[in-house]
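Close look at the chain arrangement
For reference, the chains in residue letters:
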Amino acid sequence: MEQEKVNGNKEPSAEASSYRCSACHVDEDWGLGHPLRGRAKSRSLSAAPVLASAREFRRTRSLHGPCPVTTFGPKACVLQNPQTIMHIQDPASQRLTWNKSPKSVLVIKKIRDASLLQPFKELCAYLMEENNMIVYVEKKVLEDPALLSDDHFGPVKRKFCTFREDYDDISNQIDLIICLGGDGTLLYASSLFQGSVPPVMAFHLGSLGFLTPFNFENFQSQVTQVIQGNAAVVLRSRLKVRVVKEPRGKKVAVPNGISENGVLAAGLDVEVGKQAVQYQVLNEVVIDRGPSSYLSNVDVYLDGHLITTVQGDGVIVSTPTGSTAYAAAAGASMIHPNVPAIMVTPICPHSLSFRPIVVPAGVELKIMLSPEARNTAWVSFDGRKRQEIRHGDSISITTSCYPLPSICVRDPVSDWFESLAQCLHWNVRKKQAHFPEDEEDADEEGGEERAGS
C-alpha cells in the first residue's frame, strides 16, 4: 500500500467512501502519527490507551517493526526532512467500521457457471428482503436463460439495479461488494473501480480461491457481521499503471469517457502528441514477447535510472497480492499483502543470474522497448486488456493510493497462511518418522560399549 505523505501528495477525500479502518495501535513515542490526524473529531479513529510509562519503549501487537533509531553514534544522524514523514497504519488492528449503514451492494457472480445460480438467488433474496438493501448486478448476469425462465425469482429480479461494464460508472453508488466465484471475481471487482474501492467480501465458489476466504454455507451470519461492521480487513495494495503510446493514426472509441476500465489520464498531450491511459491493477502487469519467436528486449527504469534490460520471455511487475499468482509460477517469493513492496520477476530470462527482486512500494518503474529490440512486446493488466507495445511507447508503474479492502474471515495473517496451506499446499510433506525407542536404547548402549573399549 502506498504510504501517504504529510506534505506530499494530496490525501484522498474522507468522503470518498463510506467505510473506514479502525487501526493505530502504534505508540506515539515511536514517532508515528495517526494516519487520519487532522480530520473532524466525528471521523477520528479510536487509538490504543497510552499508559503512564509512555516514554518506555515497548512493543504492542503490530505487524510493523519499531521505528528505527535515527542517531548513529555520538555525532551522526539522519537529516530530518518533513517531506518524507509517513503515516503508517498498524495492519494487525485494521477493522472495518461504517460511518453510515451500508445500503447498496454490488454482487459479482461468475458468468456461465450453473452451480452458482442457487447461491446467487439465496444471497440476493437475503440482501433485499431481510436487509432491505439495493442490489446491483451486471446486466449480462440476468440474461442467463436459467434466471429468465425462473418465475419464482421474478419478484426479486425486478428489484435489481443493472449496469454495463465500460459504459456505466457505478463507483460512487456502491457501499459493499460481494463476490461469488473464484479469484477472478475479485480481480474483476477491482477493475470496475479505478478510484476508491468499497469493502469486498469474497465467497469461495470457484476452483482455486486463494483470495476468497469465506465459505457460503453460513453466509447469512457472515454477511450480517460485515454489515454491522464486525470484521477484520486487509488492505491489498494496487498498482497505478500509466500507458503512454505514440499516435499512429488510429482513434480508439471511448464509451462514456472511460477506455476499457482505464481512465484517460491526461488525454492527448499537445506537447508530445501522445495518448495516455491509466489502470488500477490488483495482481500484476505482464510484459511479454507475444506471438514473436524472438526474445523480448525491454529496458526497466527505476525512478528514472536504467537498472536492467530484460532479455527473455518477458517480465512480471506484481503487488504482494499478485506474488502468489503468475509471479510464484515464475519463481518469485510469496509476500504477505501487508508488506509495502513491488515485485519484479523475469519470465524465463536468458541469463543464469537474473533473480526476482523486491523494491520499495514508493518507487516508480518505467518499462520501454529497448532500441535494439527486434520485435514489439505485449502487455496485460490482471490478465485483461492485452495490447501491443511498440517503440516509443512506455509503461509507468507505481503503487496506487487506492488499495482494495478485502474482508477477512479471521485476520490478515491467519487467512493468508490458511490460503497457502489449503490452496497452494505450501510445504506439504510426509512427516519424517522418529526412531523407535528400542533402536534409540541400542544406539546408546553401543556407544557406551565403544567408549569403554
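These figures come from a predicted structure and were not determined experimentally. (Residues numbered from 1 in each chain as written. Predicted model: local features only at pLDDT ≥ 70, side-chain atom pairs only at ≥ 80, totals over all residues. Heavy atoms only, no water.)

1. Considering helix α1 (residues 117–130)
For α1, built from 14 residues, the straight-helix expectation of 20 Å at 1.5 Å per residue is met to within 8% by its first-to-last C-alpha distance of 19 Å. With ten of 14 residues buried, α1 lies mostly within the body of the structure. Inspection of α1 places Leu-117, Pro-119, Phe-120, Lys-121, Leu-123, Cys-124, Ala-125, Tyr-126, Leu-127 and Met-128 among the buried residues, and these make up the whole buried set. With its phi angle positive at about 55°, Asn-132 sits one or two positions after the end of α1. (Helix = DSSP H or I, 4+ residues; strand = E, 2+ residues; numbered from the N terminus. Expected span 1.5 Å × (residues − 1). Buried < 20%, exposed > 50% of the residue type's maximum accessible area, 1.4 Å probe, protein only.)

2. Notes on the side chain of His-336
The topology assignment puts His-336 in the loop between α6 (326–329) and β20 (341–349). Judged by its relative accessible area of 12%, His-336 falls in the buried class. Within the structure, His-336 has its side chain in polar contact with the backbone oxygen of Pro-412 (distance 3.2 Å). Those residues in contact with His-336, other than ones at most four positions away along the chain, are Pro-320, Pro-412, Val-413 and Trp-416. (Polar contact = N/O pair within 3.5 Å; in protein donor to acceptor, adjacent residues only side chain to side chain. Contact = heavy atoms within 4.5 Å.)

3. Regarding the pairing of strand β17 (residues 284–288)
Burial runs high along β17: five of the five residues are buried. Because side chains alternate across β17, one face comprises the buried residues Glu-284, Val-286 and Asp-288, and the other comprises Val-285 and Ile-287, equally buried. Of the strand pairs in this sheet, β17 and strand β19 (residues 305–318) are connected by five bridges, and their pairing is antiparallel. Residue pairing for β19: Val-286 is matched across the bridge by Ile-316. As judged from the four bridges shared by β17 and strand β23 (residues 377–381), these two strands associate in the antiparallel manner. Along β23, the bridge assignment pairs Val-285 with Phe-381. (Pairing = 2+ DSSP bridges.)

4. Comments concerning the pattern of salt bridges
One pass over the full model with this rule turns up nine salt bridges. Put simply, Arg-386 and Asp-288 hold a salt bridge, and the shortest N to O gap is 2.9 Å. With a gap of 98 residues between them, Arg-386 in strand β24 (residues 384–389) and Asp-288 in strand β17 connect regions that are remote in the sequence. Across the pair Arg-390 and Glu-388 runs a salt bridge, and its minimum N-O distance is 3.2 Å. You can call Arg-390 partly exposed: its relative accessible area is 37%. For Glu-388, a relative accessible area of 23% corresponds to the partly exposed category. (Salt bridge = Lys/Arg side-chain N within 4 Å of Asp/Glu carboxyl O.)

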